[in-house]
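The chain contents come next:
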Amino acid sequence: MMRQYSSLLLGLFILHVVSSKSISTKVVEVKVICKEAPNPSYCLNLLNSKPGRVKGVDLVNLAEYTIDVLNDNWTNTFNLLNKLIQSAENDTVTNYYYRCSLDLFNLDSVSSRLGDVQLNLELGKYSAMAKDSADIMQYLLECIDSLHKHETSPLLAKYVDDLRQGDQVLQIIIKYLNL
Ligand SMILES: *[C@@H]1O[C@H](CO)[C@@H](O)[C@H](O)[C@H]1NC(C)=O
Ligand SMILES: *[C@@H]1O[C@H](CO)[C@@H](O)[C@H](O)[C@H]1NC(C)=O
């Protein structure tokens, strides 16, 4: 009798934990998020590539995953830009790349804001994340503008555009986190 009673209590306790957890996590379906993206198919490809993903993963997980993707994209861009700078024909060409390397890697740049946005996610500071992702967009647009003006590497332009689209996806997720 006693044992049945305590297992009933345990069951109620678990029920309580499960239900309070589902209240505190926000779930928005990937297709709802991606409908708001300027390029829905890029967004779907990004969020559906999440390993072990189930339909309607909660927003914090999606934000975490999108930041991981942005970090990988950033690393690839960093490596490509360094290669381009090393093999540039002359100083003029090197200087074209230099604008982007400031925007992407400097103290105040995409790289530092990616660190900030990750930290603010862990702290649950979602409104600060909105500012971080807006800063990331600003740096990327400066770099993209410089690449367009100087017609440098099309591959680099594509890499930076991947970062821009990834940041757009992150901004939509952050918008829902702040609702
Ligand atoms: C950025 O990440 C996305 C999603 O994983 C991938 O499809 C794309 O090729 C990556 N781009 C770069 C430049 O790494
Ligand atoms: C530098 O290289 C670019 C691309 O090959 C060329 O168009 C430009 O004239 C060169 N500039 C100088 C100063 O040599």
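Above this text sits the structure in question.
Each value, and the rule that gives it
- Residues numbered from 1 in each chain as written.
- Chains lettered and ligands numbered in written order.
- Predicted model: local features only at pLDDT ≥ 70, side-chain atom pairs only at ≥ 80, totals over all residues.
- Heavy atoms only, no water.
- Helix = DSSP H or I, 4+ residues; strand = E, 2+ residues; numbered from the N terminus.
- Buried < 20%, exposed > 50% of the residue type's maximum accessible area, 1.4 Å probe, protein only.
- Contact = heavy atoms within 4.5 Å.
- Areas by Shrake-Rupley, 256 points an atom, 1.4 Å probe, with all protein chains shown as cover.
- Disulfide = S-S within 2.5 Å.
- Near = heavy atom within 4 Å.
- Polar contact = N/O pair within 3.5 Å; in protein donor to acceptor, adjacent residues only side chain to side chain.
- Nonpolar A, V, L, I, M, F, W, Y, C, P; charged D, E, K, R; others polar.
- Core = buried A, V, L, I, M, F, W, Y, C linked by side-chain atoms within 4.5 Å.

(A) Spotlight on the overall build of the chain. Per the secondary structure count, the chain includes eight helices and zero strands. Written out in order from the N terminus, the α and β elements of the chain read α-α-α-α-α-α-α-α. Expressed as a percentage of its 179 residues, the buried residues of the chain come to 40%. Considering only contacts in the chain between residues 6 or more positions apart, those separated by 24 or more positions represent 69%. Accessible surface, the chain as shown: approximately 10500 Å² in total, 57% of it carbon and sulfur.

(B) Region of the structure containing the state of the cysteines. Using the criterion set out here, one finds two disulfides in the structure. Here C34 is linked by a disulfide to C43, with a sulfur-sulfur distance of 2.0 Å. Residues C34 and C43 are joined by a disulfide whose S-S torsion is about -75°; by sign, that bridge is left-handed. Overall, C43 belongs to the buried group, its relative accessible area being 0%. Residue C100 pairs covalently with C143 via a disulfide, S to S 2.1 Å. Residues C100 and C143 are joined by a disulfide whose S-S torsion is about 95°; by sign, that bridge is right-handed. Here C143 lies in helix α7 (residues 126–150) and C100 lies in helix α5 (residues 91–105), a separation of 43 residues in the sequence. No difference in accessibility class separates C100 from C143, as the two residues are buried.

(C) Summary view of the site of ligand 2. All residues adjacent to ligand 2 are E89, N90, T92 and V93. Within the contact set of ligand 2, an oxygen atom lies 2.5 Å away from a side-chain nitrogen or oxygen of N90. Protein contact buries 32% of the 360 Å² of open area that ligand 2 shows by itself. Its residues placed into classes, the shell around ligand 2 shows one nonpolar, two polar and one charged.

(D) Seen up close, the nonpolar core. Core analysis: the largest hydrophobic core is formed by 48 residues, its most contacted members being I33, L47, L104, V110, M129, L156 and I173. Among the elements of the structure, α2 (30–35), α3 (40–48), α4 (59–86), α5, α6 (110–123), α7 and α8 (154–177) are those that each provide at least two residues to this core. Excluding its chain neighbours within four sequence positions, the residues that come into contact with I33 are V28, C43, L47, L59, L62, I172, I173 and Y176.

(E) Broad picture of the site of ligand 1. All residues adjacent to ligand 1 are Y42, N45, V69, N73, N76, Y159 and D162. In the environment of ligand 1, an oxygen atom lies 2.7 Å from a nitrogen or oxygen atom belonging to the side chain of N76. Protein contacts shield 71% of the accessible area of ligand 1, which totals 360 Å² for the unbound molecule. Mapped by element, the contributors of at least two residues to the shell around ligand 1 are α3, α4 and α8. Ranked by residues supplied to the shell around ligand 1, first place goes to α4 with three residues. Tallied by class, residues from the shell around ligand 1 come to three nonpolar, three polar and one charged.

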